[in-house]
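What follows is each chain in one-letter form.
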2 protein chains.
Amino acid sequence: MNKTMTKGAAALPLNAILGGNCIEVMAGLPANSVDLIFADPPYNLQLKGQLHRPDNSKVDAVDDHWDQFDSFKVYDDFTRAWLREARRILKPNGSIWVIGSYHNIFRVGSALQDEGYWILNDVIWRKSNPMPNFRGKRYTNAHETMIWASKSEGAKYTFNYEALKALNEGIQMRSDWVLPICTGHERLKNENGDKAHPTQKPESLLHRILVGSTNPGDVVLDPFFGTGTTGAVAKMLGREFIGIEQEEAYREVAAKRIKAVRKFDREALQVSASKRAEPRVPFGQLVERGMLRPGEELFSMNQRHKAKVRADGTLVGGEVKGSIHQVGAALEGAPSCNGWTYWCFRRDGKTVPIDVLRQQIRAEMQA
Amino acid sequence: MNKTMTKGAAALPLNAILGGNCIEVMAGLPANSVDLIFADPPYNLQLKGQLHRPDNSKVDAVDDHWDQFDSFKVYDDFTRAWLREARRILKPNGSIWVIGSYHNIFRVGSALQDEGYWILNDVIWRKSNPMPNFRGKRYTNAHETMIWASKSEGAKYTFNYEALKALNEGIQMRSDWVLPICTGHERLKNENGDKAHPTQKPESLLHRILVGSTNPGDVVLDPFFGTGTTGAVAKMLGREFIGIEQEEAYREVAAKRIKAVRKFDREALQVSASKRAEPRVPFGQLVERGMLRPGEELFSMNQRHKAKVRADGTLVGGEVKGSIHQVGAALEGAPSCNGWTYWCFRRDGKTVPIDVLRQQIRAEMQA
DNA sequence: GTAAGCCGTGAATCATTCA
DNA sequence: GTGAATGATTCACGGCTTA
């Protein structure tokens, strides 16, 4: 299953789990090469010795001067360093997801903005079965926060709007997702029955992220791979993955897990497409093909206006001449108008939107 | 109703709305004197052009001068300055709530931590009726984030656990609160009918915060008072308030509003628990959660039709694609169809209606 | 009087292609 | 690169009008 893809000087190892420090490993990967990054970085701000400064010098675990400020400083430096490498690797139209809790997410969000990413949404994972607060001293910590950002302002990121709307039964997907935490058979265990990883994320979370922000064949990088939830879901959904994980024990669990995953069949991976992707049909073609006759009258959806079709596919309505969109906008006094859904024609006493004719043409094109 | 309370050198004006810049005004207030701070600072939205709805009406966006900042640096400096003064004024066991969106909340959260506050929870306000995303380019922005923090680590902050549990029908209050946005009669209007303030917060939000984090008689400071929601709810609940607001027009509206507020009598607090309809469960969630696999076949109740599940929660049955309801209706030649009771899946040789899976999810949600 | 339907609106970083 | 043309896009409520 492993492949490599050559991009510029360095090669991009696909469907592989790489060992080592994620900042160093990412530094060896080619620029502008991955479509999506999902990152679940360490939350704990008291990591001390486990963290490296951006220059890779180790933080002294027995430093007497260790205090809260140092702690934030080191965490911020670490965060900025990995986010910088991640951004270099990301394709110009790629996007990143980062998950965290109130311990670290504000540091991460600020760093994302400072490094030039452009935040698209913050999304709340609302846990349907969180651990209660036993001491009754605070609110039940029932959610985690995810940040979705593009590489830069104005980038054309992937967002499968229709697919997400379909996932949500026809209503556009919101920024709060109700999903259970990872338990039961999905939760990976060691031989001794302990959980294999303390913060294993549910596959449902990655499913929604990958369906929404990638297309089949896209490359997904996870720099804090853990037990490989990102890789497992990527494989199911026909995406390529690259995992980076420092701990050998986790790499082993992840490799075994992903090996057992079956990819969904091709038909199942097809997802509701956006109308923007449909081929463009000029209105004039309806006239050329005789679906509408020059001189025929069209009526606005609200029955308040009418216009006449001309041989070149423009309309005349009152004083206004122009495209179906221009005439519709002018008659309504609106800044814009979708002529396809605005205008109707009459056949056998019935009023039919002209969009029906466009759909006929599109159906023929596919056949 | 106004009183003053002398603390050290300066006097603490109670139940007053102070004009001027909040940083300067706070600088004139005595240290360690207020029990709670609620702050709804400018979000720094950075909006570009005009946004239209699909019906071509204009979205009345926040374009006020007070929300404009030249850069993150300027915004950060402003944030740190007011948070520093706020912390000085706060009693050692007091706490602070700050609300924001992804535009600013990460800056605010980092600043809180850097200034020495200790974050207790981040709390999500899940809006039951948010404005949709009109262009289909992102997730519906359906929530805002609040941060609750004590003055320092180890402080003995107020948390009325039992009162909140009672508010939540006997279940421990979680970090996500579902509340509607401020509309209807509660929304303050100018004489011309326009909204008096672009971002008025619902009283329900402040109600929960004040019940949870203060006791009767406590002093609540709001440095971005706006139209005085904090003051109004504080008065209802028998707390003292101090408001700071730069814009005279807002101060006038707030003063008038608060004057009309009556302190609660017990009876008014009794709110009939609204019977909620059963929560809607999108079919896609069964797929995301692995209860049904993409590619798996479903069978109609009458065994006459079958269809395949796709990754986005739509079905393919013969030539027909769409939701469980749409495909069921099409295959039956019926105008409509309840897909939940129409489709079945097979497990261990048995045929089971998919509605069983929905009931499982609902049971989890209620637990 | 009541029910059904239309209209307005809310903290929004909200387009893409072709000439 | 710039500007014009095409044409895609909304959920939950509250208030008011009409039947």
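Residues numbered from 1 in each chain as written. Chains lettered and ligands numbered in written order. Predicted model: local features only at pLDDT ≥ 70, side-chain atom pairs only at ≥ 80, totals over all residues. Heavy atoms only, no water.

Description of the packing of helix α5 (residues 203-213) of chain A against helix α6 (residues 229-236) of chain A
All names here are of chain A.
Here is step 1: One can describe the packing of α5 onto α6 by two numbers: an axis separation of 9 Å at closest approach and a directional angle of 55°. By the criterion of interaxial angle, the relationship of α5 to α6 is oblique. Considering the relative orientation of α5 and α6, their crossing is right-handed. Of the residues in α6, those in contact with Glu203, Leu206, His207 and Leu210 of α5 are Thr229, Thr230, Ala232, Val233, Ala234 and Met236.
Here is step 2: Class assignment of the residues belonging to the contact of α5 with α6 gives a composition of 6 nonpolar, 3 polar and 1 charged. (Axes fitted to C-alpha atoms, helices over the stretch in contact; angles between N-to-C directions. Helix = DSSP H or I, 4+ residues; strand = E, 2+ residues; numbered from the N terminus. Parallel < 35°, antiparallel > 145°, perpendicular 65-115°, else oblique. Left-handed = near helix turned anticlockwise from the far one by under 90°. Contact = heavy atoms within 4.5 Å. Nonpolar A, V, L, I, M, F, W, Y, C, P; charged D, E, K, R; others polar.)

Describing the domain arrangement of chain A
Here is step 1: Looking at the assigned domains, one finds that chain A contains domain 1 (16-269) and domain 2 (283-366).
Here is step 2: One C-alpha centre belongs to domain 1 of chain A, the other to domain 2 of chain A; they are set 49 Å apart. (Domains from an automatic or database assignment.)

Comments concerning the pattern of salt bridges
Proximity of charged atoms lets side chains of opposite charge pair with each other.
Here is step 1: Throughout the structure, instances matching the rule amount to 37 salt bridges over all chains.
Here is step 2: For the salt bridge of A:Asp176 with B:Arg126, the shortest nitrogen-to-oxygen distance reads 2.8 Å. With A:Asp176 in strand β8 (residues 176-179) and B:Arg126 in strand β6 (residues 118-127), the pair connects residues from two separate chains. B:Arg126 shares its class with A:Asp176; the two are buried.
Here is step 3: Put simply, A:Glu297 and A:Lys306 hold a salt bridge, and the shortest N to O gap is 3.9 Å.
Here is step 4: A residue is classified by how much of its surface remains accessible, and A:Glu297, at 31% relative accessible area, is partly exposed.
Here is step 5: Shared partners join several salt bridges into a network, and the residues in it are A:Arg126, A:Arg174, A:Asp176, B:Arg126, B:Arg174 and B:Asp176. (Salt bridge = Lys/Arg side-chain N within 4 Å of Asp/Glu carboxyl O. Buried < 20%, exposed > 50% of the residue type's maximum accessible area, 1.4 Å probe, protein only.)

Some remarks on the environment of B:Gly328
Here is step 1: Secondary-structure assignment places B:Gly328 in helix α10 (residues 324-332).
Here is step 2: C-alpha of B:Gly328 to C-alpha of B:Gly317: the two residues are 11 residues apart in sequence and 8.7 Å apart in space.

A short note on the protein's contact with DNA strand C
Here is step 1: Residues in contact with DNA strand C amount to 37 residues; listed here are only the nearest, B:Gln46, B:Arg53, B:Tyr102, B:Arg135 and B:Asn141.
Here is step 2: In DNA strand C, the atoms that sit within 4 Å of the protein are 47% sugar and phosphate, with bases accounting for the remainder.
Here is step 3: Within the contact set of DNA strand C, a base nitrogen lies 3.0 Å away from a backbone nitrogen or oxygen of A:Ile119.
Here is step 4: Considered class by class, the residues forming the surface near DNA strand C number 17 nonpolar, 8 polar and 12 charged. (Near = heavy atom within 4 Å. Polar contact = N/O pair within 3.5 Å; in protein donor to acceptor, adjacent residues only side chain to side chain.)

So, the packing of aromatic side chains
Residue and element names in this part refer to chain A.
Here is step 1: Counted under the stated rule, the structure contains 33 aromatic pairs over all chains.
Here is step 2: A ring pair is formed by tryptophan 97 and tryptophan 177, whose centres lie 5.6 Å apart and whose planes are at 45°; its orientation type is tilted. In this pair, tryptophan 97 sits in strand β5 (residues 90-100) while tryptophan 177 sits in strand β8, placing the two residues 80 residues apart along the sequence. Across the pair, exposure class does not vary: tryptophan 97 and tryptophan 177 are buried alike.
Here is step 3: Look at phenylalanine 225 and phenylalanine 241: their rings are 5.7 Å apart centre to centre, the planes differ by 15°, and that puts the pair in the stacked class. (Phe/Tyr/Trp six-rings, centres within 6.5 Å; stacked < 30°, edge-to-face > 60°.)

Side note on the protein's contact with DNA strand D
Here is step 1: Near DNA strand D lie 29 residues; those nearest to it are A:Tyr161, A:Lys165, A:His325, A:Arg358 and B:His185.
Here is step 2: Considering the 4 Å shell around the protein, atoms of DNA strand D inside it are sugar or phosphate in 62% of instances.
Here is step 3: Within the backbone of A:Cys337, one N or O atom sits 3.4 Å away from a base nitrogen of DNA strand D.
Here is step 4: Here a phosphate oxygen of DNA strand D and a side-chain polar atom of B:His185 are 2.9 Å apart.
Here is step 5: Within the residue set of the surface near DNA strand D, elements represented by two or more residues are α4 (161-167) and α10 (324-332) of chain A.
Here is step 6: Broken down by element, the residue count for the surface near DNA strand D peaks at 3 residues, all from α4(A).
Here is step 7: Partitioning the surface near DNA strand D into residue classes produces 9 nonpolar, 13 polar and 7 charged.

Comments concerning the nonpolar core
If you look at soluble globular proteins, the nonpolar side chains tend to sit buried side by side.
Here is step 1: Residues A:Trp82 and B:Trp82 are the most contacted members of the largest nonpolar core, which totals 73 residues.
Here is step 2: In terms of residues, this core owes the most to one element, helix α2 (residues 68-89) of chain A, which gives 7 residues.
Here is step 3: Beyond its immediate stretch of four places on either side in the chain, B:Trp82 contacts B:Cys22, B:Ile23, B:Met26, B:Ala39, B:Pro41, B:Ile96, B:Val98 and B:Phe224.
Here is step 4: Within the second largest apolar cluster, 40 residues are counted, among which are A:Trp97, A:Phe159, A:Phe225 and A:Phe241. (Core = buried A, V, L, I, M, F, W, Y, C linked by side-chain atoms within 4.5 Å.)

Brief notes about the UniProt feature "domain: RAMA" (unreviewed entry) in chain A
Here is step 1: Per the UniProt record, "domain: RAMA" (unreviewed entry) is annotated on residues 266-366 of chain A.
Here is step 2: Helix makes up 34% of residues 266-366 of chain A and strand 23%. Its end C-alpha atoms lie 19 Å apart. (UniProt positions renumbered as here; feature names shortened; annotations may be inferred.)

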